[in-house]
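What the coordinates show
What follows is each chain in one-letter form.
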Amino acid sequence: QVNLVESGGGLVQPGGSLRLSCAASGSIFSVSAMGWYRQAPGKQREPVALITSGGSINYADSVKGRFTISRENAKNTVYLQMNSLKPEDTAVYYCNVKGITSSTVTRFESWGQGTQVTVSS
C-alpha cells in the first residue's frame, strides 16, 4: 500500500542541473530511510544518496560534492538536487523508501518507477 512517485528527470547538457523528487504515500506509520539509486546502461544499480529519518546522509563517491539529498519528513518526500552533471551521470534514477506500515505494522521497502536522466551535449 506504499506508493512512490518520482519526477524531475530529463535531458540536460554537461554542467547542467536537475532536481528529482519522490513522494511516498499510503499506509505509512514511519519512514526510516529514503534514498536514490541509479542504473546506467550496462552497469549494476548503485546507491547514489541516502538520508535517514534522523538526518544522517551518505553519498556515493562519484556524486559527492555535486549532488544534494534532502527530505520533508512531514510529506514523506525526498529530493535529489543534481548539479554539475556529467555524461557519466546518465542513468535511470530510482527512489527507495524504507519504513513501517500503519496498516499491518510491518517493515516495508518501496521503489519508485524510475526516471531517466540523460546528460549529453
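Scroll up to find the structure.
To start, this report covers the structure provided alongside it. (Residues numbered from 1 in each chain as written. Predicted model: local features only at pLDDT ≥ 70, side-chain atom pairs only at ≥ 80, totals over all residues. Heavy atoms only, no water.)

**Concerning the overall build of the protein chain**
Operational definition: Starting at the N terminus, helices and strands are each numbered in turn, a helix being any DSSP run of H or I of at least four residues and a strand any DSSP run of E of at least two. Our radius of gyration looks at C-alpha atoms and nothing else; its globule reference is 2.2 Å times the residue count to the power 0.38. Residue burial is assigned from relative accessible area. The probe radius is 1.4 Å, only protein chains are included, and a residue is buried under 20% of its type maximum, exposed over 50%, and partly exposed in between. Contacts are assigned to residue pairs that have any heavy atoms within 4.5 Å of one another. For every accessible area listed, the method is Shrake-Rupley and the probe measures 1.4 Å; residues are considered covered only by the protein chains on display. Positive: Lys, Arg. Negative: Asp, Glu. His and the chain ends are not part of the count. Positions of charges follow a simple convention, taking NZ of Lys, CZ of Arg, CG of Asp or CD of Glu.
Helix and strand counts for the protein chain come out as 0 helices and 11 strands. A compact globule built from 121 residues should have a C-alpha radius of gyration of about 14 Å, and the protein chain, at 14 Å, falls within 12% of that. Each principal axis of the C-alpha distribution contributes one length, and for the protein chain these read about 50 × 25 × 25 Å. Expressed as a percentage of the 121 residues in the protein chain, the buried residues total 42%. Once local pairs closer than 6 in sequence are excluded, the contacts in the protein chain between residues at least 24 apart make up 56%. Working note: accessible area of the protein chain is about 6400 Å², and carbon and sulfur atoms make up 48% of it. The averaged location of the 7 negative side-chain charges in the protein chain is 4 Å from the averaged location of its 11 positive side-chain charges.

**Details of the pattern of salt bridges**
Definition in use: The term salt bridge refers to a pairing of a side-chain nitrogen on Lys or Arg with a carboxyl oxygen on Asp or Glu at a separation within 4 Å.
All told, the structure shown has 5 salt bridges when counted by the stated rule. Linking arginine 38 and glutamate 46 is a salt bridge whose minimum nitrogen-to-oxygen distance equals 2.8 Å. Overall, the relative accessible area of 5% leaves arginine 38 in the buried class. What makes glutamate 46 partly exposed here is its relative accessible area of 31%. The salt bridge partner of glutamate 72 is lysine 75, with a shortest N-O separation of 4.0 Å. For glutamate 72, a relative accessible area of 33% gives the class partly exposed.

**A few points about the sheet that holds strand 7 (residues 67-72)**
Where strands meet in a sheet, backbone hydrogen bonds hold them as pairs that are either parallel or antiparallel. For clarity, the threshold we go by: Note on pairing: DSSP must find at least two bridges between two strands before they are called paired. Helix axes are fitted to C-alpha atoms over the stretch in contact, other axes to C-alpha atoms as well, and angles between N-to-C directions run from 0 to 180 degrees.
Sheet architecture is open: 4 strands sit in the order 1-3-8-7, paired in antiparallel fashion. Every interior strand has two partners, whereas the edge strands, strand 1 (3-7) and strand 7, have only one. In this sheet, neighbouring strand axes are inclined to one another by 15° on average, regardless of whether the strands run parallel or antiparallel. Two strands pair when backbone bridges link them, and strand 1 and strand 3 (residues 18-25) are joined in this way by 5 bridges, in the antiparallel orientation. Within the sheet, the bridge partner assigned to valine 5 lies in strand 3 and is alanine 23.

**Things to note about the nonpolar core**
So the rule is basically this: We call a set of buried residues a nonpolar core when its members are Ala, Val, Leu, Ile, Met, Phe, Trp, Tyr or Cys and they connect through side-chain atoms within 4.5 Å of each other.
In terms of nonpolar packing, the biggest core is built from 30 residues, with Trp36, Leu80, Met82 and Tyr93 touching the most fellow members. Contributions of two or more residues to this core are made by strand 3, strand 4 (28-39), strand 5 (46-52), strand 7, strand 8 (77-82), strand 9 (91-101) and strand 11 (115-119). Dropping the residues within four chain positions of it, methionine 82 is found in contact with Gly16, Ser17, Leu18, Leu20, Arg66, Phe67, Tyr93 and Val117.

**So, the packing of aromatic side chains**
Stated precisely, the cut-off is as follows: Aromatic rings from Phe, Tyr and Trp, taking only the six-membered ring of Trp, are treated as a pair when their centres fall within 6.5 Å; an angle between ring planes under 30 degrees marks them as stacked, one over 60 as edge-to-face, and anything in between as tilted. The rule is short: NZ of Lys or CZ of Arg within 6 Å of the ring centre and within 35 degrees of the ring normal puts a charge over the ring.
The tally for this structure, following the rule as stated, stands at 1 aromatic pair. Taking the ring centre of tyrosine 79 as reference, the NZ or CZ of arginine 19 above it sits at 4.1 Å.

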